[in-house]
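Residues per chain are reported as follows:
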Amino acid sequence: MTMREKIEEAAARYPDQRSAIMPALLIAQRERGHLPGPVLEEVADILGVERIWVYELATFYTLFHTEPVGIFHLQLCDNVSCMLRRSEDLLRHLEEVLGIKKGGTTPDGLFTLSTVECLGACEMAPVMQVGDDYHGDLDIARIDALLDRLRATVRQATGADLAAAGPPGE
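Residues numbered from 1 in each chain as written. Predicted model: local features only at pLDDT ≥ 70, side-chain atom pairs only at ≥ 80, totals over all residues. Heavy atoms only, no water.

Under an unreviewed UniProt entry, the name given to the chain is NADH-quinone oxidoreductase subunit NuoE, and the source organism is Mesorhizobium tamadayense. Under Sequence similarities (unreviewed entry), UniProt gives the following word-for-word description of the chain: "Belongs to the complex I 24 kDa subunit family." You can read under Catalytic activity (unreviewed entry) in the UniProt record for the chain the words "a quinone + NADH + 5 H(+)(in) = a quinol + NAD(+) + 4 H(+)(out)". (UniProt positions renumbered as here; feature names shortened; annotations may be inferred.)

Here you go:
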């Protein structure tokens, strides 16, 4: 089934095509990896809605990516509850061990590091979302263990030893 067919099938469940924008964007992102301008225009054209409506949603919600992201998108909450529990220290640690700054992607394409305003999981602060999964009550040891597990997942899938690569310049 093509992306167009999937979007049309999803849109058929809504009385107003504007209501189908978010599901359509999720479909397009799964199909294309991210949502650059031409993909946003294609989604708008398929739904027959204003392009600005599609653009507004794609750029407002952190679950949509208008630029390519790594296999694992690390989204660290930096709102008050997480900040009070030292999320800033975790961000510095992630930047150091990954060899990238916030907003960057590792050269191997494995990790993209972002901060988000709030993940709505203050009871687990500090918290980070990776894909659809939340990881809470984080400290440096838990972050390092999580990164090791994520690298192992890719190694198992590809046979590559990405965990030994380390940050650039080493």
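A few points about the nonpolar core
In terms of nonpolar packing, the biggest core is built from 21 residues, with Ile7, Leu25, Leu35, Val43, Leu47 and Val54 touching the most fellow members. Breaking this core down by element, the ones donating at least two residues are helix H1 (3-11), helix H2 (21-32), helix H3 (37-47) and helix H4 (51-60). Ranked by residue count, the leading element in this core is H3, at six residues. Excluding anything up to four places from it in sequence, Leu25 contacts Leu35, Leu40, Val43, Val54, Leu57, Ala58 and Phe64. In this structure, Leu90, Ile100, Phe111 and Met128 belong to the second largest nonpolar core, which totals 19 residues. (Core = buried A, V, L, I, M, F, W, Y, C linked by side-chain atoms within 4.5 Å. Buried < 20%, exposed > 50% of the residue type's maximum accessible area, 1.4 Å probe, protein only. Helix = DSSP H or I, 4+ residues; strand = E, 2+ residues; numbered from the N terminus. Contact = heavy atoms within 4.5 Å.)

Remarks on the domain arrangement of the chain
Per the domain assignment, the segments making up the chain are domain 1 (3-60) and domain 2 (72-162). With centres defined by C-alpha atoms, the gap from domain 1 to domain 2 works out at 28 Å. (Domains from an automatic or database assignment.)

Some words on the UniProt feature "binding site: [2Fe-2S] cluster" (unreviewed entry) in the chain
Taking the UniProt record as the reference, the feature "binding site: [2Fe-2S] cluster" (unreviewed entry) is found at Cys77, Cys82, Cys118 and Cys122. With the annotated positions falling across 46 residues, the maximum pairwise C-alpha distance of 9.4 Å places them together in a single cluster. Structurally, Cys77 can be placed in strand E1 (residues 72-77). Owing to a relative accessible area of 3%, Cys77 belongs among the buried residues under this scheme. Not counting residues within four places of it along the chain, the set of residues in contact with Cys77 comprises Cys82, Ser87, Val116, Glu117, Cys118, Leu119 and Val127. In this structure, Cys122 sits in the loop between strand E2 (111-116) and strand E3 (128-130). Residue classification places Cys122 among the partly exposed residues on the basis of a relative accessible area of 45%.

Considering helix H7 (residues 140-158)
In this model H7 runs 27 Å from its N-terminal to its C-terminal C-alpha over 19 residues, within 8% of the 27 Å that 1.5 Å per residue would give. Buried within H7 are the following residues: Ile143, Leu146, Leu147, Leu150, Arg151, Ala152 and Val154. Turning to H7, the residues buried within the fold contact E1, helix H6 (87-98), E2, E3 and strand E4 (133-135). Put simply, Asp139 is the residue that caps the front of H7, since its side-chain oxygen is 3.2 Å from the backbone nitrogen of Ala141. Two residues or fewer past H7, Gly159 is found with a positive phi of approximately 80°. (Expected span 1.5 Å × (residues − 1). Polar contact = N/O pair within 3.5 Å; in protein donor to acceptor, adjacent residues only side chain to side chain.)

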